[in-house]
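Residues per chain are reported as follows:
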Amino acid sequence: MQQIYLNYCQMCGKKLFLNDNRSKYCLKCNFYYYSFPTACVVLLLYTDSGDYLFIERSKNPDKGKLDFPGSFIRVEETAEITCKRVAFEEISLSNLDLEYFGSSHDYYGNDKNIPIISLLFTSKIDDSTIKRISPKNDASRAIFLSKKQVNNSKLAYASMIGEIEKLENYILGKKASS
Ligand SMILES: [Zn+2]
């Protein structure tokens, strides 16, 4: 995977020169571009019976594939605000009691060449919350699946496999300690 996906300077439009593995350089602006990932939030919501909430993506990239509700973090947002926005925009939920659950990295786009870092947030959702779920915008459907029911080839992102694994262990640990 190439470290810097930009080929042209975002300020002047000149072609960038490769400086090293992790940076490119604009001769005109004297500016280095480093390979920083774009930040996203991902909502990992699960039911009492251990099913996970997936959405079917309504748009490309990866239209028709399974994803978790999520969004890029906008410039003016904190991750927590993005969580509130995406819960409302994609599945019509508000007032989720979310807990930070770590991060994972992956690549976005038609060519999967834009590096992203996903901040993961999780919450158990009860029956009354599940009834209020109404998919919209980037989500054409809301689907509940157990880990066993997930077909990895239907997932929009490879990192989701590790996220499901981590969540499964977390839920099992919670059950064992309660
Ligand atoms: Zn430039």
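For clarity, every value in this text was computed on a predicted model and none was experimentally measured.

Peer 1: Please explain the domain arrangement of the protein chain as it appears in this structure.
Peer 2: Reports of interface size often rely on the accessible area that becomes lost once the parts have come together. Taken domain by domain, the protein chain holds domain 1 (1-35) and domain 2 (38-177). Here the C-alpha centre of domain 2 lies 32 Å away from the C-alpha centre of domain 1.

Peer 1: Which parts of the structure should I look at to understand the pairing of strand E8 (residues 99-108)?
Peer 2: Every other side chain in a regular strand lies on the same face of the sheet, so the side chains alternate between the two faces. Inspection of the sheet shows E8 paired to strand E9 (residues 114-124) by eight bridges, in the antiparallel sense. The residue of E9 that forms the bridge with Tyr 100 is Phe 121. Remark: five residues form the turn of the hairpin made by E8 and E9, two consecutive strands paired antiparallel; Gly 109 in that turn has positive phi of roughly 110°.

Peer 1: Quick question: what am I supposed to make of the confidence of the model for the protein chain here?
Peer 2: Note: predicted coordinates in regions of low pLDDT should not be interpreted at a detailed level. With 98% of its residues at a pLDDT of 70 or more, the protein chain has an overall mean of 94. Highest mean pLDDT in the protein chain belongs to strand E6 (residues 66-67) (98); lowest belongs to strand E1 (residues 17-20) (91).

Peer 1: What should I look at first to understand the sheet that holds strand E3 (residues 31-34) in this one?
Peer 2: In a beta sheet, neighbouring strands are held together by backbone hydrogen bonds and run either parallel or antiparallel to one another. In spatial order, the strands read E1-E2-E3; together these three strands make up an open sheet with antiparallel pairing. Looking at strand neighbours, the two that pair on one side only are E1 and E3, the edges of this open sheet. On average, each strand axis in the sheet is tilted by 35° relative to the strand beside it, whichever way the strands run. Inspection of the sheet shows E1 paired to strand E2 (residues 23-26) by three bridges, in the antiparallel sense. Bridge pairing in E2 links Leu 18 to Lys 24.

Procedures and definitions
Residues numbered from 1 in each chain as written. Predicted model: local features only at pLDDT ≥ 70, side-chain atom pairs only at ≥ 80, totals over all residues. Domains from an automatic or database assignment. Pairing = 2+ DSSP bridges. Helix = DSSP H or I, 4+ residues; strand = E, 2+ residues; numbered from the N terminus. pLDDT = per-residue confidence, 0-100. Axes fitted to C-alpha atoms, helices over the stretch in contact; angles between N-to-C directions.

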